[in-house]
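Per-entry structural report
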Amino acid sequence: MNDIKHLKCLSAVRSMTAVRQLTPAAFPGVHCPMHTALSLAAKIRGVSTLMIGTPECGYYSRNVVLSSPYGDEALHWTYLLDSKEVVFGFRKGLIKAIEEMDAAGAKLILIIATCVPELIGGDIESICFEMKPAIKAKLIHLPLGNFKCGSFEQGYWKTLLALGQVIEKAVRKGKIVNILGRSALEEHIPMPHLIDYLNHQGVPLRFLAPDSSLEDFISAGDARLNLVISPFMNSLAEWLDKEHNIPYVSLHDIYGIGDIECAYSKIGQQLGLEIHQEFEEQRKEAEKIRKAAGVQLENLRYISANIGTVQPLPLSSYLLSLGMDPMMIHMPEFYSSDIIWREKIMEQDINPIVCLMLNEQMDRQIIEELCPDIVIGDWGGRFQKNPPNVSVLDLYGHIGYERTITLLSRIIQALAAGKEGTVNGTA
């Protein structure tokens, strides 16, 4: 069997520095956090960016921002370091670039520092502080050296957290609910029933995500409640709770029927709505499929592979409550909220291997040698029936009972398809 002794178990993981690649080579690899930060910022109307880095970074970054649907409402510039600036610093040049962007009409400039400016230690934060009284544009420094981040997902959540700096204090809280993590314009992800319900009840909704505007973020401090449906938004929700006294309900990381009931009760109390009656049929359906899954899932050993932007530890904690045993977990990011989920899993005396799966073909060999009963997520053997595979990449954006129903239905279907692919128990 391939050697995996270099990997650490969940008990030893407290940040991304402890999460190692399953196999040495990353092919084709993943984006750096500069890419994901730019791709997000370019989709928020009114947000300009200034990427600081080498010519390679500058060339690569243009592929991202040129596709911005709001290119005429913002500026996306690059500041390319020359050899002298790499040695002696880039203070004067950066100040001049910011002044030019301000004169050109930029409202907010996200100054994205890539690896080289982070390595040489340019004090961008001090430059932003110094220039604040002299220009109209708001400045936000976003340090995204890939060697510091450990994952491309930090480009998303750090950008969103940084945008929290522009949110203005509100004297009065209105009835608005901030929906953190999706756009009202998204068509590839069905609108959750909960959000449709709130809309029909006349609750004013503000969506903070791609296709939002800078003004949406600036005014977000007047909300009564934040609903979090993406892990990228958890840090911003925590900050809004602390700095603006806006409570939040996290919906993207709960699967258990009791947890969903509790979350919906909190939402109903905050908004003065009798919410449970609306979702009673969904709750009954979820209860029914949970009972049907009971015996089938008990003691199943599984590997959690690529599940996209769905947080793996909350999912594993829920599957553990069904009797499933995680052998190995692919973990592309360790969020601050993962500390709680890590403890919940450890309390059950379960200590799975944690890794990064970045090479489908090489990783596939190890996964097959581990002989899991089922694989949750995308991997190199996605089309084979043994072990059966459960696709969950599209669970992102789904919340509540419908998410749990979809998850359990797919697991049951995958197990049934796996049995059909065997003869007398032999593949």
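All of these numbers come straight from a predicted model, not from anything done at the bench. Along each chain, the written sequence defines residue order, and numbers are assigned to residues from 1. Local features in a predicted model are, by the rule used here, given only for residues with pLDDT of at least 70; side-chain atom pairs are given and counted only at 80 or more, and totals for whole chains, interfaces and linings are based on all residues. As a rule here, side-chain values cover all heavy atoms of the structure and leave hydrogens and water aside.

**Overview of the sheet that holds strand β10 (residues 248-250)**
Within the open sheet, the 4 strands sit side by side as β8-β7-β9-β10. Their pairing is parallel. Every other strand in the sheet has two partners, leaving β8 (205-208) and β10 as the edge strands with one partner each. Averaged over all adjacent pairs, the angle separating strand axes in this sheet is 20°, with direction ignored. Judged from the 4 bridges that link them, strand β7 (residues 177-180) and strand β9 (residues 225-228) form a sheet pairing that is parallel. Bridge pairing in β9 links V177 to L225. Contacts between helix α11 (residues 234-244) and the sheet are confined to β7, β9 and β10, with β10 contributing the most and set at about 155° to the helix. The pairing criterion is simple: DSSP has to find at least two bridges between the two strands. Numbered from the N terminus, helices here are DSSP runs of H or I no shorter than four residues, and strands are runs of E no shorter than two. Fitted lines through C-alpha atoms serve as axes, helices being fitted only where they are in contact, and the angles separating the N-to-C directions of these axes extend from 0 to 180 degrees. Throughout, a contact is declared for two residues whenever any of their heavy atoms are within 4.5 Å.

**Description of the packing of helix α1 (residues 33-41) against helix α8 (residues 154-163)**
The contact between α1 and α8 brings their axes to 7 Å, and the two run at 50°. As summarised for this structure, α1 and α8 are arranged oblique, according to the angle between their axes. The crossing of α1 and α8 is right-handed. Taking contact as the criterion, the partners of P33, T36, A37, S39 and L40 in α1 are, on α8, G155, Y156, T159 and L160. Orientation is classified from the angle alone, with under 35 degrees giving roughly parallel, over 145 giving roughly antiparallel, 65 to 115 giving roughly perpendicular, and any other angle giving oblique. Each helix crossing is assigned a hand: it is left-handed if the near helix lies turned anticlockwise from the far helix by less than a right angle, otherwise right-handed if that turn is clockwise.

**Some thoughts on helix α12 (residues 257-271)**
Here α12 contains 15 residues, and its C-alpha end-to-end distance of 21 Å stays within 8% of the 21 Å for a straight helix at 1.5 Å per residue. Whether a residue is buried, partly exposed or exposed follows from its accessible area with a 1.4 Å probe, protein chains only, as a fraction of its type maximum: under 20%, in between, or over 50%, in that order. Along α12, the positions that sit buried rather than exposed are I257, I260, A263, Y264, I267, G268 and L271. All buried residues of α12 fall inside an arc of 140° around its axis, so they share one side. Facing away from the buried surface of α12 by more than 90 degrees, the exposed residues are C262 and Q269. Packed against the buried residues of α12 are β7, α9 (193-200), β9, β10, α13 (280-297) and α17 (400-420). Backbone geometry just after α12 places G272 at a positive phi near 70°. Multiplying 1.5 Å by the helix residue count minus one yields the expected span of that helix. Of all possible arcs, the one meant is that of the directions from the helix axis to the C-beta atoms.

**Regarding the confidence of the model for the protein**
As a note on interpretation, predicted positions should not be read in detail where pLDDT is low. Note on scores: pLDDT gives the predictor's confidence for each residue, bounded by 0 and 100. Looking at the protein, the pLDDT average stands at 93 and 98% of residues meet or exceed 70. Below a pLDDT of 50 lies the segment residues 423-427, which in the model reaches 3 contacts outside its immediate sequence neighbourhood of four places, other chains included.

**Digging into the pairing of strand β13 (residues 353-356)**
Burial along β13 is two-sided: the residues I353 and C355 and V354 and L356 are all buried. Alignment of strand β1 (residues 8-9) against β13, held across 2 bridges, turns out to be antiparallel. Following the sheet pairing, K8 is matched in β13 by V354. Pairing analysis gives 2 bridges linking strand β2 (residues 20-21) to β13, with the strands arranged parallel. Residue pairing for β13: Q21 is matched across the bridge by L356. Of the pairings in the sheet, the one linking strand β12 (residues 325-330) to β13 comprises 3 bridges and is parallel in character.

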